[in-house]
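Chains, contacts and geometry: an overview
In case you want the letters, here they are:
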Amino acid sequence: MNHKYSPAGNQTRAEMKNPEAQQDVSVSQGIRMMFYMMKPNETSFQTLEEVPDYVKKATPFFISLILLELVVSWIRKGKPPGRLDDALTSISAGVLSRLPSLFSRSIELTSYIYIWENYRLISLPWDSPWTWYLTFLGVDFGYYWFHRMAHEVNIMWAGHQTHHSSEAYNLSTALRQSVLQIYTSWVFYLPLAVFVPPSVFAVHLQFNLLYQFWIHTEVIDNLGPLELILNTPSHHRVHHGRNRYCIDKNYAGTLIIWDRIFGTFEAENKKVVYGLTHPINTFDAFKVQFHHLVYIWTTFWATPGFFNKFSVIFKGPGWGPGKPRLGLSEEIPEVTGKEVPYSSSASHLLRIYAVLQFALMLAFYEDTFADKAALSQFTLLLRVCFIILTLTSIGFLLDQRQDAAAVETSRCLVLLTLCRFGHLKPLIPSLSFVFEARPPFSAIQNQGRGGVLLL
């Protein structure tokens, strides 16, 4: 049977048949979905429209786990698991990565549906546990190869490097996602579309992502026998390291067996130093996302010869003329374990201001996603531009750039203007009257005298 999939947000016959599908997950389900412990019979859906947005529903569990990590870190180490400036930058990257979804459906699902509807060979039953477990393995296998290529192909690394740019390693680091990455990852899942229904694929695509959240932490040490099969915090710490022994290792999403099979596994031994081999030393949201694209562009034009230019794009980030495809390991800077992560020199008062503005932005951000079906494309665009401007301004403030004050002043004026014309609504309803249009005082006087207001 050839199912057609309507745009998300429109009520379908499937949703009317199964009104529970889009309701909130229970606490038990929420906890289990973060660890890929949901059962096939509670996460199998006939159509794509029935599949819950598990990532969106995971927001309270993200927050809860981050707070739990903070408490555990204070108890065990007497300090928080990371720095405020780094955490704000990581969450900013996560916010930016989701903004395109306000305007269109994910390319991963769009391309998958196209292959399914036009080129599938067989249709596995959507409600079979065998289909569920096969898709679990297929999505994880596809993720391994995407992730590996994202480290071995320079143009793909331009997107993925965002996630590795943090010099901290905590649960907020998991939220440091790339705007660009999704435009290369979709290819690796297309083979599944010739036999796995899109609804089953959509479930596992989300669970694979959610599983990788909790492994971004230093408060969990070794997990014993589970280390042999699963991707764990210990294995993933190695992946995020810039030590030579950590480079291009442990690409797993959920199962570490792929790294063991294909020779990319490395156990954690020496102290791991996190971040890029050449730290970018900035909290600027745009530089975090796009600095490597700029590097590729300048290197491409500076490199002589057509085949060398081709190699700049499609060989490894460390490649250069006369070098192996992935570059030379001896050119990777040695770490001593005494590296000092880049941190903001902003005053405590300015950091508090940045946090407050960031919290307000998050409220507008969540409100925009909640109301996107009722908002015009023009209002959506204005809100997205305001969110981007806010993240840029906060980055400038934390970096203590000379133009930070001018950018922040402009941002505040834009906020007042958007509220004045109804494109943003004040978070405190009682303040709405401040932005309501009122006639001039002279007009009120004329009306009070029985005069006629001329326009």
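Everything quoted here is computed from the prediction, not taken from an experiment.

**Quick word on the overall build of the chain**
Looking only at helices and strands, the chain has 18 helices and zero strands in total. The buried share among the 455 residues of the chain stands at 47%. Contacts in the chain between residues far apart in sequence, at least 24 positions, make up 75% of those at least 6 positions apart. Carbon and sulfur atoms make up 66% of the accessible area of the chain, which totals about 23,100 Å².

**Looking at helix α15 (residues 348-371)**
A rise of 1.5 Å per residue sets the reference length of α15, with its 24 residues, at 34 Å; its end C-alpha atoms lie 35 Å apart and thus fit the reference within 8%. Within the span of α15, buried status applies to Ala354, Gln357, Phe358, Met361, Phe364, Tyr365, Asp367, Thr368 and Phe369. For α15, the secondary structure elements touched by its buried residues are α3 (54-57), α5 (84-98), α16 (377-399) and α17 (404-420).

**Comments concerning the confidence of the model for the chain**
When pLDDT is averaged along the chain, the result is 90; 89% of the residues meet or exceed 70. Between residues 1-21, whose pLDDT stays under 50, and residues either more than four places distant or in other chains, the model counts 33 contacts. Scored below 50 in pLDDT, residues 441-455 makes three contacts in the model with residues more than four places away or belonging to other chains.

**Remarks on the packing of helix α7 (residues 129-152) against helix α10 (residues 198-214)**
Axes are the key here: two packed helices are described by the angle between their axes and the distance separating the axes. Running from N to C, α7 and α10 cross one another at 55°; their axes reach a closest spacing of 9 Å. Relative to α10, the element α7 lies oblique. The way α7 lies across α10 gives a crossing that is right-handed. Residues Thr131, Trp132, Thr135, Phe136, Val139, Asp140 and Tyr143 of α7 touch α10, and the partners they reach there are Val200, Phe201, Val203, His204, Leu205, Phe207, Asn208 and Gln212.

**Topic: empty space enclosed by the protein**
Inspection of the entire model under this criterion finds two cavities of 30 Å³ or more. In this model, the largest cavity occupies a volume close to 110 Å³. Lining the largest cavity are 15 residues, with Ser165, Glu167, Ile280, Asn281 and Thr282 positioned closest to its centre. As for the second largest cavity, its lining consists of Gln357, Leu360, Met361, Phe364, Phe386, Thr390, Arg411 and Leu415. In terms of residues, the lining of the second largest cavity owes the most to one element, α15, which gives four residues.

**Examining the layout of surface pockets**
Reported here for the second largest pocket is a volume of approximately 960 Å³. Lining the second largest pocket are 42 residues; nearest its centre among them are Trp157, Thr277, Pro317, Gly318 and Ile332. Residue assignment for the lining of the second largest pocket shows that the elements contributing at least two residues are α7, α8 (154-164) and α13 (285-302). Residue classes in the lining of the second largest pocket are distributed as 15 nonpolar, 19 polar and eight charged.

**With respect to the packing of aromatic side chains**
Both the distance between ring centres and the angle between the ring planes are used here to describe each pair of aromatic rings. Throughout the structure, instances matching the rule amount to 28 aromatic pairs. On the basis of an interplanar angle of 65° and a centroid distance of 5.0 Å, the ring pair of Tyr365 and Phe369 is categorised as edge-to-face. Of this pair, Tyr365 and Phe369 both sit in helix α15, four residues apart, roughly one helical turn. Taking relative accessible area as the criterion, Tyr365 reaches 4% and is therefore assigned buried. Classification of Phe369 by relative accessible area gives buried; the value is 9%. Here the aromatic residues Tyr36, Tyr54, Trp132, Tyr133, Phe136 and Phe207 are joined through ring pairs into a cluster of three or more. The lysine or arginine in question, Arg401, covers the ring of Phe396, its NZ or CZ lying 3.7 Å from the ring centre.

The rules behind these values
Residues numbered from 1 in each chain as written. Predicted model: local features only at pLDDT ≥ 70, side-chain atom pairs only at ≥ 80, totals over all residues. Heavy atoms only, no water. Helix = DSSP H or I, 4+ residues; strand = E, 2+ residues; numbered from the N terminus. Buried < 20%, exposed > 50% of the residue type's maximum accessible area, 1.4 Å probe, protein only. Contact = heavy atoms within 4.5 Å. Areas by Shrake-Rupley, 256 points an atom, 1.4 Å probe, with all protein chains shown as cover. Expected span 1.5 Å × (residues − 1). pLDDT = per-residue confidence, 0-100. Axes fitted to C-alpha atoms, helices over the stretch in contact; angles between N-to-C directions. Parallel < 35°, antiparallel > 145°, perpendicular 65-115°, else oblique. Left-handed = near helix turned anticlockwise from the far one by under 90°. 1 Å grid on protein atoms, 1.4 Å probe; cavity = no way out; pocket = protein on both sides within 12 Å on 5 of 7 lines; lining within 4 Å. Points joined across faces, edges and corners; volume = space filled by probe spheres on them. Nonpolar A, V, L, I, M, F, W, Y, C, P; charged D, E, K, R; others polar. Phe/Tyr/Trp six-rings, centres within 6.5 Å; stacked < 30°, edge-to-face > 60°. Lys NZ or Arg CZ within 6 Å of the ring centre and 35° of its normal.

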